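Residue-level listing of the chains:
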Amino acid sequence: MSETIIAEKAKIVSEVSDRFKAAASVVVVNYRGLTVAEVTDLRKELRDNGVKMEVIKNTYLRRAADANGYEALDEVFTGPTAVAFSDEDVVAPARIMAKYAKQFDALEIKGGIIEGEVASLDQINALATLPDRDGLLSMLLSVLQAPVRNVAYAVKAVADSKDEEPAA
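Residues numbered from 1 in each chain as written. Predicted model: local features only at pLDDT ≥ 70, side-chain atom pairs only at ≥ 80, totals over all residues. Heavy atoms only, no water.

Visitor: Explain the nonpolar core to me, and be specific about the residues and the numbers.
Guide: Buried together is how nonpolar side chains tend to be arranged in soluble globular proteins. Counting residues in each nonpolar core, the largest one holds 26 residues, and the members touching the most others are Leu-42 and Met-97. Every element with two or more residues in this core is listed here: strand 1 (25–30), helix 2 (36–48), strand 2 (51–55), strand 3 (82–86), helix 4 (92–103) and helix 5 (121–128). In terms of residue count, helix 4 provides more of this core than any other element does, six residues in total. Look past the residues within four positions of Met-97 in its chain and what remains in contact with it is Val-27, Val-29, Leu-42, Leu-46, Met-53, Ala-84, Leu-107 and Ile-109. Judged by nonpolar contacts, the second largest core, of 18 residues, contains Ile-56, Tyr-60, Leu-61 and Leu-73. (Core = buried A, V, L, I, M, F, W, Y, C linked by side-chain atoms within 4.5 Å. Buried < 20%, exposed > 50% of the residue type's maximum accessible area, 1.4 Å probe, protein only. Helix = DSSP H or I, 4+ residues; strand = E, 2+ residues; numbered from the N terminus. Contact = heavy atoms within 4.5 Å.)

Visitor: Just give me the short version of the pattern of salt bridges, but keep the residues and values in it.
Guide: What the rule picks out here adds up to six salt bridges. The salt bridge involving Lys-11 is made with Glu-15; its shortest N-O contact spans 4.0 Å. Within this pair, Lys-11 and its partner Glu-15 are both found in helix 1 (residues 3–22), separated by four residues, close to a single helical turn. Here Asp-48 ties to Lys-44 by a salt bridge, and the two come within 2.8 Å at their closest N and O atoms. Of this pair, Asp-48 and Lys-44 both sit in helix 2, separated by four residues, roughly a single helical turn. Residue classification places Asp-48 among the exposed residues on the basis of a relative accessible area of 55%. When salt bridges with common partners are traced through the structure, they connect Arg-19, Lys-52 and Glu-54 into a single cluster. (Salt bridge = Lys/Arg side-chain N within 4 Å of Asp/Glu carboxyl O.)

Visitor: Any details on helix 1? Residues and values, ideally.
Guide: Along its 20 residues, helix 1 runs 28 Å from first to last C-alpha, staying within 8% of the 28 Å computed at 1.5 Å per residue. Taken together, the buried positions of helix 1 are occupied by Val-13, Val-16, Ser-17 and Phe-20. For helix 1, the arc enclosing every buried residue in end-on projection is 105 degrees, short of the 170-degree limit, so these residues lie on one face. Of the residues in helix 1, the exposed ones pointing more than 90 degrees away from the buried face are Glu-3, Thr-4, Glu-8, Lys-11 and Lys-21. Buried-residue contacts for helix 1 involve strand 1, helix 3 (58–67), strand 3 and strand 4 (108–114). (Expected span 1.5 Å × (residues − 1). Arc of directions from axis to C-beta.)

And the structure:
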């Protein structure tokens, strides 16, 4: 094998390795059996949520994962493999892939990485049930507003009771 081919392959492995390092979460799936239209819809939804899906040779994935200490993922890099990388939203790839896996039996989640740790299928499915970032922020806002709202209700109740008392 020529040195230029080896250099090209090393460059690809390095780029994939960098993607693993930068990713907040990674989901590995088997996409065999999906139609072109289904894959297009999946890619569009992923892209709309800041997630990039790539089909990468398993050999490159294995070497890049090993370079980052994710040797436990080697067993999932078999057969047709697509990888969804998200640099910002930890939940988005898992949520979208789980949604499509329920919708299409052909899509199978194999495993992934969540915040630098190798994740099992169960962990990815648990992550998929969490609301997205906007949902979590609205929950937090609701929790933060509750004490202020309760004080306002108490003040209003006191004011209403003062109005009902007869003047002395």
